[in-house]
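Residue strings, one per chain:
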Amino acid sequence: MNRRILSFCGLLLGLLFLASSCKNKKDTPRLQLSSVELRQTVWNGTWESKNAKRDSYSVYLNFLSDSEVEVSAYDSKDPTASYIVQADCFYTITDRIFTLKTQGDRELHPSMDQNAWYLIRKEPSLLVFQANAGNPDREATLTLRKKL
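A short tour of the structure in this document, coming up. (Residues numbered from 1 in each chain as written. Predicted model: local features only at pLDDT ≥ 70, side-chain atom pairs only at ≥ 80, totals over all residues. Heavy atoms only, no water.)

### So, the overall build of the protein chain
Put simply, the rule reads: Numbering goes from the N terminus for both helices and strands, where a helix is a DSSP run of H or I of at least four residues and a strand is a run of E of at least two. Under the scheme applied here, a residue whose accessible area is under 20% of the maximum for its type counts as buried, over 50% as exposed, and between as partly exposed, the area being computed with a 1.4 Å probe on protein chains only. Contacts are residue-level and defined by heavy atoms, with any inter-residue pair within 4.5 Å sufficient. Note on areas: Shrake-Rupley with a 1.4 Å probe; residue coverage comes only from the protein chains shown.
Along its length, the protein chain carries 2 helices and 8 strands. For the protein chain, the sequential pattern of α-helices and β-strands runs α-α-β-β-β-β-β-β-β-β. The 148 residues of the protein chain split such that 32% are buried. When contacts within the protein chain are restricted to residue pairs at least 6 apart in sequence, those whose partners lie at least 24 apart make up 38%. If you sum the accessible surface of the protein chain, you get close to 9800 Å²; carbon and sulfur atoms cover 53% of it.

### Details of the sheet that holds strand β8 (residues 140-146)
Here is the rule: Two strands make a pair as long as DSSP finds a minimum of two bridges between them. Each axis is a line fitted through C-alpha atoms, and for a helix only the stretch in contact is used; angles between axes span 0 to 180 degrees, taken between their N-to-C directions.
What the 8 strands build is a closed barrel, ordered β1-β2-β3-β4-β5-β6-β7-β8; its pairing is antiparallel. Across the sheet, the axes of successive neighbouring strands diverge by a mean angle of 30°, strand direction being ignored. Alignment of strand β2 (residues 57-63) against strand β3 (residues 68-75), held across 7 bridges, turns out to be antiparallel. Residue Tyr57 lies in a different strand from β3, and its bridge partner there is Asp75.

### What to know about the nonpolar core
Nonpolar side chains tend toward joint burial in soluble globular proteins. The criterion, for reference: Only buried residues count toward a nonpolar core, which is a set of Ala, Val, Leu, Ile, Met, Phe, Trp, Tyr and Cys residues joined through side-chain atoms within 4.5 Å.
In this structure, Phe98, Leu100, Met112, Trp117, Phe129 and Leu142 are the most contacted members of the largest nonpolar core, which totals 28 residues. Put simply, the parts of the chain that give this core at least two residues each are β1 (41-49), β2, β3, β4 (85-94), β5 (97-102), β6 (116-123), β7 (126-131) and β8. For this core, the leading source of residues is β4, giving 5 residues. Apart from the residues lying within four places of it in its own chain, the contact partners of Leu100 are Val69, Val71, Cys89, Phe90, Tyr91, Leu108, Met112 and Asp113.

### Topic: the pattern of salt bridges
This is how the line gets drawn: The salt bridge definition used is simple: a Lys or Arg side-chain nitrogen within 4 Å of an Asp or Glu carboxyl oxygen.
Applying the stated criterion across every chain yields a total of 3 salt bridges. A salt bridge links Arg39 to Asp66, with the shortest nitrogen-to-oxygen separation between them at 3.3 Å. Pair noted here: Arg39 is in the loop between α2 (35-38) and β1 and Asp66 is in the loop between β2 and β3, with a separation of 27 residues, a long-range link. By relative accessible area, Arg39 is classed as partly exposed at 36%. On the accessibility criterion, Asp66 (34% relative accessible area) is partly exposed. Here Arg121 ties to Glu123 by a salt bridge, and the two come within 2.6 Å at their closest N and O atoms.

So, in structure tokens, the structure goes:
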């Protein structure tokens, strides 16, 4: 009889432990972003390469709709310099992956439109994306702060 009670208590404790560990996983939300959150907002920030040979750039993104964004970039070393590039782009967001595609023949410099950007941090007025993680020659971070 005592053996049954101990077995039952052990089983009950195991189930409680399992239930509490499952609950903790659900409490940590997975990062997600949608075009609805970005529509008609303006963000400023930086594009930084992990490769020391590449410069960092200041960027400006004006999300006009669920699929269109104006992108501007200039060399961070000289904020008074004119934009290196200004381009209208299409963008998509799938869960935490952000992609850009220029309209027409233009190319973005830095090459923000040649990567899938993974959302790695999200706050109400801050978004941080990373591209080419693990590839030191191409890894880059895009940090954006909401202005409007």
